[in-house]
Amino acid sequence: MDLPSRIKEMLSLLSRVLRHGSVSATEAELREMENAFALVLMGAFTGMPAPPAYISIALLPWLERELGVMMSRSLMHDDRLSEWADLVDL
Amino acid sequence: MRTVFFVGKGGVGKTTSSASLAFHLASAGGKVYWVSIDPAHNLCDIAGCRPFRGAREIAPNLLAEEIDMERCTEAYIEKNITRMKETYRYLGILNLEGAFDILRYSPGMEEAAVTAALADGIRRYRERIDCIVVDTPPTGLMLRMFALPFTSILWIEKLSEWRRTILGRRKTVNSILGKDSPYREAGDEAGEDPVLRELGVEAERASFLKAVFADACVVLVTDQERLSLDESLRIRDGLARIGIGISLVLLNKFRALNETGKRIIEAFSDRTVVKVPFVEDTADRKVLAETAAGWAELITRTE
Amino acid sequence: MSVCPDRKTGASLVHAMNTTLTVIIGLALYYLIYRYYGRYLERTVVGSGEVETPAHRLCDNVDFIPANKYVLFGHHFASIAGAAPIVGPVIAMVWGWLPGLLWVWFGNIFIGAVHDYLSLMSSVRYDGHSVQWIAGRVIRKRTGYLFSIFVFFVLILVVAAFGSIIGKIFVKEAAVPSAYMLKIGAALVLGLLMYRLRVNFLASTVIGIAMLAAAVALGKAFPVHAGYQTWMIVFFFYIIIAASIPVNILLQPRDYLNAWLLIAGLAAGGAAVLLAFKPMALPAFTSFNAPAIGGRPTPFWPVIPLIIACGSLSGFHAMVASGTTSKQLAKETEGLFVGYGSMLTEGFLSTLVIVCMGAFAYDVMPTATVETLKASPPEFAAGYTAAVKSAGGPVGIFSRAYAEAAHSALRLPRDFMTILASMWVASFAMTTLDTTNRLARYTFVEILAPLKERLPSLYRLLANRWSASTVPAATGIALAWTGAWTVIWPAFGGANQMLASIAMMTVAAWAVREQRVRGLNILVPALFLWLTVTLAVLWFIVEVVPGFMAKSPVQAYVLGAITLAMLVLNLVLIYDFFRPEKAGG
């Protein structure tokens, strides 16, 4: 591969690395927001304080993604601490 | 356009009273939509017609409808369950049919269905109607029905706000990561989000009903039984908690004032209590209309 | 120092060392070890590496997403890079530049990077679960709980350690706090641009970097003078506030700016020392028992891991590796690059620091001081720490030496580079102050969990959001109150290395019991580490705490209590290691 395209590739990679770095905390926050959103709506079916069940039912058809996030997050329910270690820069 | 709700313990003559008002106003020339949500299905007995579905003009100027609560709730749930079955068909969540059937018994489905039906009915007919007369279901459901828009609006607002924050964050991540973003398939436009749209629909319905309830005239029907007194007080307090006041009290099936009757008048001393005499033949429309003559204008007069 | 090229004794070889040569040797060493020892490690412990990683196997586009190896490296390296790989080596110069360097090279290669790499790989083999979780499974259930306790101590002590170090530089060099505050402002603005208004990434980046440069430049013009304890109070409120606001307002944009500071610092520093060819001026070796901590003669072994943690070995890295990194590793064969490689890169950073200090520190000290220190190696050992203190602490002396290097090799302006270097360290340190508070909120409640059943009212009193935030912050700041960073830093190092101890034992247990490898090359470092850390902490309690007691009794008692607790728990750990719970029990 010739030098200019090599450099271009490296710059593009650098850009990707920097971009990911610039939103890593935001992505983590977003994940948790979606998780919590689903949890709150599910509360109607588990007897927790929650929005009236009919709101949850009305929204449920469009919450496929959020329910998935909720279930994924629940896999690590007893292993939360280390996930946040990368915020600390230690 | 006025909305009048008839509330009271079962058996005190709620449907009969609402029928009185409906026939009275209709015969006076007003256009009336008379809707009964009471599962006791008395409307047809009183109106003297065979059971029918939907709204039907049973007398000149008088449109009547009997909302079958059970079928109404059934239909409401079915609609949602069907939507969910379509969406989650590929997700293999548990035993899909079984799980979603449980939703029938979710707390709040009845009042959700009923208020939805009520809202639809009012919206459909209010243009051509002068007065909507509503015969409400038994106390428990009636109170939950009234309370629903008030509690819902709060939840819906918070959920919408939260949803907008989520969409905003997604948009930020998408704009920076582009095709590297795990959210590129998930929606990030508030204008296109189905969840926000659904919340908007519910918000609109809830505020519509809130306005209707706030503006409505509530008539408490009771007789001189001890149990009726107790329940009437519960109704008054329950409605007061959501800021709805009782406009008029009808002391029904009245022959002579007894101890309980006195206590009723005392308890509602700040309201007009009208003694409505016992009506022998409740199927006679003219008699019914005349019964209301004594107090109908109290309703139309109040702000 | 004279260079005698004719004589081939070890002494003159050392004398011939200069910045360039040292860095090149370091790079070569790391590279060769990575290639040969790293591969060997991979083969023996991890195997062929054809097993599908959880990022693919459990891919859910939420937590488990395979990431490009460079992106993952960048993320992982940025997460482990901080202020510690810079501060530690500066303090360790008291033994001369060679011992610290050897620890940074060989400690890293044989213990630190192994620790990071195996933490990552064991997590990968355990469906992305953390080392803490794995410890609970391969050693004993309560080991996971022990882990949280050590983490909690680390979170408190790091606030004390970093707080006191930054407090010192803020007092000595009033331009630094103002530059930092301007940088906070820049972060807020950048956050608005990039995350709210969604301005184009490249444009926002350029604006961000420009603001950063402006902050450094303007800091000099508008210095903020305040006393040390005033800064401690400011830090306390800063921690509470910064740890309570949404992430995208301050934390995210600030982290992004820090990444650029790191890039600039590494690039300029690396280029400077490589092009300098300046011989090492400071003594290579002063004495085995140089007075590093609290003025007490400090034995290089076993105490060095407490001084130089990150850069050579850091327990916290085990959490980072087994946190998000393991869930995003696309191929097992990339684990060496990400896990082992980032730790070596951090070692490179520490190498730069040592080399910079070794060659240029004398050039930035007052002449009288240099005279005294140059007299003889023991004189150097005796006077070095005091010289550091009068320069504004480790950050003060480092930033000046760094600026001197950048100026002499690259002709960059001294003042600007001094503040840039100080800002670099201060930024990472300050970030850690509030992010650890976020973690401490969670860890605090997790540790109190056993109280829930037994003493519910006490639990309710302690385990609320308010106290979970203020107790760790207040304790940390209180410990930093007297500014005795020479005492607090090793305490923090001790907690961190206790964590490394558990992690190493966990991965050793995993390697031996699960992977069924002979694992001597992991077991030996693990036990050696355990022994080293235990002895070091014991030494600390016996030698340092009593002396500290005379000066600041309250802090000494708290510190003593914490270190004693850690020591006891460390003994519980080794006991549990040799008597693990039967699987399925």
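For clarity, every value in this text was computed on a predicted model and none was experimentally measured.

(A) Broad picture of the interface of chain A and chain B. Taken together, the 28 residues of chain A in the interface contact 33 residues of chain B. Examining the composition of the side of chain A that touches chain B, we find that 14 residues originate from one element, helix α1 (residues 3–46) of chain A, more than from any other. Considering only residue class, the side of chain A that touches chain B consists of 18 nonpolar, 3 polar and 7 charged.

(B) Summary view of the sheet that holds strand β7 (residues 248–254) of chain B. Residues and elements named next belong to chain B. Pairing is mixed across the open sheet formed by 8 strands, whose spatial order is β3-β4-β2-β5-β1-β6-β7-β8. Every other strand in the sheet has two partners, leaving β3 (55–59) and β8 (272–277) as the edge strands with one partner each. Here the average twist between neighbouring strands, direction ignored, is 25 degrees. The pairing of strand β6 (residues 217–222) with β7 spans 4 bridges and is parallel. When the sheet's bridge partners are listed, V221 is paired in β7 with L250.

(C) Layout of the interface of chain C and chain A. In this assembly, 48 residues from chain C lie in contact with 28 residues from chain A. Sorting the residues of the side of chain C that touches chain A by element identifies α4 (69–80), α7 (131–138), α8 (141–172), α9 (175–196), α12 (251–276), α14 (316–328) and α19 (414–448) of chain C as the ones contributing at least two each. Among the elements that line the side of chain C that touches chain A, the one with the most residues is α19(C), at 10 residues. Across the side of chain C that touches chain A, the residue classes tally to 23 nonpolar, 20 polar and 5 charged.

(D) How the structure looks around the pairing of strand β5 (residues 131–135) of chain B. Residues and elements named next belong to chain B. In terms of burial, β5 is largely enclosed, as 5 of its 5 residues are buried. The alternating pattern of β5 places C131, V133 and D135 and I132 and V134 on opposite faces, both of which are buried. The sheet contact formed by strand β1 (residues 2–7) and β5 spans 5 bridges and is parallel. Paired with F6 across the two strands is D135, which belongs to β5. Sheet topology note: the strand β2 (residues 32–36)/β5 ladder contains 5 bridges and is parallel. Looking at the pairing, W34 lines up with V133 of β5.

(E) Fine view of unusual backbone geometry. That bond from C:W301 to C:P302 is cis: its omega, 15 degrees, falls within 30 degrees of zero. With a phi close to 55 degrees, B:K253 is a non-glycine residue in the positive phi region. Locating B:K253 in the fold gives a position in strand β7. Classification of B:K253 as buried rests on a count of 20 C-beta atoms within 10 Å. For C:R198, which is not glycine, the phi dihedral falls at a positive 55 degrees. With respect to the helices, strands and loops of the structure, C:R198 is situated in the loop between α9 and α10 (201–221). We classify C:R198 as partly exposed; it has 15 C-beta atoms within 10 Å.

Rules of the game
Residues numbered from 1 in each chain as written. Chains lettered and ligands numbered in written order. Predicted model: local features only at pLDDT ≥ 70, side-chain atom pairs only at ≥ 80, totals over all residues. Contact = placed C-beta atoms within 7 Å. Helix = DSSP H or I, 4+ residues; strand = E, 2+ residues; numbered from the N terminus. Nonpolar A, V, L, I, M, F, W, Y, C, P; charged D, E, K, R; others polar. Pairing = 2+ DSSP bridges. Axes fitted to C-alpha atoms, helices over the stretch in contact; angles between N-to-C directions. Buried ≥ 20, exposed ≤ 12 C-beta atoms within 10 Å, placed from the backbone.

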